[in-house]
Amino acid sequence: MPKKKSPRKRKSRFTAATADKYELYEMSVQSPEPDVAFLARVYKKERGKQALHFREDFSGTGALTAQWIKRSRRHTAEAFDIDPEPLAWGRERHFAPMGKAGARAVLHQADVRDPSRKRPDVRCAQNFSYWIFMTRAEMLHYLRGCHEDLARDGILVLDMFGGPEAMQEMEEETEQDGGFSYVWDQDEFWPVTHEASLAIHFRFKDGSEMRNAFTYRWRLWTMPEMTDLLYEAGFARVDPYWEGTDKDGESGNGVYTKTRRGENDLAWVSYLVALK
Ligand SMILES: C[S@@+](CC[C@H](N)C(=O)[O-])C[C@H]1O[C@@H](n2cnc3c(N)ncnc32)[C@H](O)[C@@H]1O
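Cut-offs used in this document
Residues numbered from 1 in each chain as written. Predicted model: local features only at pLDDT ≥ 70, side-chain atom pairs only at ≥ 80, totals over all residues. Helix = DSSP H or I, 4+ residues; strand = E, 2+ residues; numbered from the N terminus. Rg over C-alpha atoms; globule rule 2.2 N^0.38 Å. Buried ≥ 20, exposed ≤ 12 C-beta atoms within 10 Å, placed from the backbone. Pairing = 2+ DSSP bridges. Axes fitted to C-alpha atoms, helices over the stretch in contact; angles between N-to-C directions. Contact = placed C-beta atoms within 7 Å. Core = buried A, V, L, I, M, F, W, Y, C linked by C-beta atoms within 7 Å. Domains from an automatic or database assignment. Right-handed = clockwise from strand over helix to strand, strands pointing away. Arc of directions from axis to C-beta. Parallel < 35°, antiparallel > 145°, perpendicular 65-115°, else oblique. Left-handed = near helix turned anticlockwise from the far one by under 90°. Nonpolar A, V, L, I, M, F, W, Y, C, P; charged D, E, K, R; others polar. Near = placed C-beta within 6 Å. Expected span 1.5 Å × (residues − 1).

Before going further, it helps to examine the overall build of the protein chain. Within the protein chain, the regular secondary structure consists of six helices and 12 strands. A compact globule built from 276 residues would reach a C-alpha radius of gyration of about 19 Å, and the protein chain, at 18 Å, matches this within 12%. Across its three principal axes, the protein chain shows a C-alpha extent of roughly 55 × 50 × 40 Å. When the 276 residues of the protein chain are sorted by exposure, 34% land in the buried category.

The following block contains the structure:
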């Protein structure tokens, strides 16, 4: 499910023995250019000015942070991740090649509940990572911290996935550009608590497999639950954004617009934009 890219066919240059899991992850699930363009566009539309300082929570390799600071010399950013490994990968692959410009981003090896160095105009948590917070109290604590830490006109953007298929125990394999497959494994789902065990595997043309390259234990939060929590955390307005549909009417077109109802798709990815 959490995948925002469509595949193209090519020869494989990867095997389980030689592939780099962060490279495969970025190729399979991340689209920093449209994601950052969306964040900047929403802020501009709501606030009538340009957002300059950005914060990426659960940043992993900091792909969005890197994309943000490329926007101009005035754009700065902070990325937060608890794990030194993806941060080191991002430093080497995204920021070092930028030379001096890379210093406009500060990568914190820290908990997302820690305060920013500078109050962000836009803060985001992508690819559902904030679903590590399992209880209402934990989620509210995180969201209150986000609200307090934002700049005066700041916005918080969270992505969501859902639909009946999100609650099914199933595997979805998608062929990726580069000649490998991305496997999203919804291994277990508990209807009583909405806890889920999820994993990402990669399969290669030579028959090899990188199993459990990434594993997650999340609570599958719903749109109304998150909306209520955001208001309770102090946000003045919460706008859901829904993805439009391609001409074929089958797949998403990557264009997100405000909605009050959404569409009853089997599986969907959407955003909540919370305004301070
Ligand atoms: C699914 S990855 C997200 C990567 C990236 N944000 C994306 O959009 O694909 C989740 C990341 O959250 C980090 N993480 C988990 N708990 C955290 C916490 N309490 N504070 C900071 N980072 C955390 C993990 O180390 C991991 O790199």
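After presenting the structure, the write-up continues.
Strand order in the open sheet formed by four strands is β6-β7-β8-β9, with antiparallel pairing between adjacent strands. Single-partner strands in this sheet number two, and they are β6 (170-176) and β9 (209-219). Between one strand axis and the next, the sheet turns by 20° as a mean value, whatever way the strands run. For strand β8 (residues 195-204) and β9, the ladder comprises eight bridges, and the chain directions are antiparallel. Within the sheet, the bridge partner assigned to alanine 196 lies in β9 and is tryptophan 218. Its contacts with the sheet place helix α1 (residues 21-29) against β6, β7 (180-190), β8 and β9, and it is angled at close to 65° to β9.

For the rest of this paragraph, the subject is the sheet that holds strand β10 (residues 237-245). Taken in spatial order, the eight strands line up as β3-β2-β1-β4-β5-β12-β10-β11 in an open sheet, and their pairing is mixed. The sheet terminates laterally at β3 (105-109) and β11 (252-258), the two strands that pair on one side only. Strand-to-strand twist in this sheet, taken as the mean axis angle between neighbours without regard to direction, amounts to 20°. The sheet strands contacting helix α4 (residues 84-95) are β2 (76-81) and β3, and the helix crosses β3 at an angle near 160°.

Right, let's get into the nonpolar core. Note that soluble globular proteins tend to have their nonpolar side chains buried in a common cluster. If you look at the biggest cluster of nonpolar residues, it comprises 50 residues, and the most contacted ones within it are Val122, Ile155, Val157 and Leu158. Residues in contact with valine 122, not counting those within four places in the same chain, are Leu39, Tyr43, Ala51, Phe54, Gly154, Ile155 and Val157. Ranked by size, the runner-up nonpolar core spans 10 residues in total, among them Phe14, Leu24, Tyr182 and Phe202.

By the assigned domains, the protein chain splits into domain 1 (26-163 + 221-275) and domain 2 (164-218). For domain 1 and domain 2, the distance between their C-alpha centroids amounts to 22 Å. Each side of the interface is counted separately: domain 1 has 11 residues, and domain 2 has nine residues. Among the secondary structure elements, those contributing two or more residues to the side of domain 1 that touches domain 2 are α1 and β5 (155-162).

Looking at chain direction, β2 and β3 are connected through five bridges and run parallel. In the strand pairing of β3, aspartate 81 is matched with glutamine 109. For the crossover that starts at β2, traverses α4 and ends in the parallel β3, the hand is right-handed.

Every buried residue belonging to helix α6 (residues 223-232) is among Met226, Leu229 and Leu230, and all of these are buried. All buried residues of α6 project into a common sector of 100° when viewed along the axis, lining one side. Following α6 by one or two positions, glycine 234 adopts a phi angle in the positive range, close to 115°.

Note on placement: serine 72 falls in the loop between α3 (63-69) and β2. Note: C-alpha distance between serine 72 and leucine 52 (20 residues apart in sequence) is 8.9 Å.

Where helix α5 (residues 136-149) meets α6, the closest approach of the two axes is 9 Å, and the angle between their N-to-C directions is 50°. Overall, the two elements α5 and α6 adopt an arrangement that is oblique. The crossing of α5 and α6 is right-handed. Two secondary-structure elements touch here, α5 through Met139, Leu140 and Leu143 and α6 through Leu229, Leu230 and Glu232. Class assignment for the residues of the contact of α5 with α6 results in five nonpolar, no polar and one charged.

On to the site of the ligand, then. Close contacts around the ligand come from 16 residues, with Phe58, Gly60, Asp83, Gln126 and Asn127 the closest. Tallied by class, the residues present in the shell around the ligand amount to seven nonpolar, six polar and three charged.

This part is about helix α2 (residues 32-47). Along an α-helix, residues three or four positions apart point the same way, because every turn accommodates 3.6 residues. In this model α2 runs 22 Å from its N-terminal to its C-terminal C-alpha over 16 residues, within 8% of the 22 Å that 1.5 Å per residue would give. In this fold, the buried residues of α2 make contact with α3, β4 (122-125), β5 and β12 (268-275). Where α2 ends, the next residue or the one after it, glycine 48, has phi of about 70°, a positive value.

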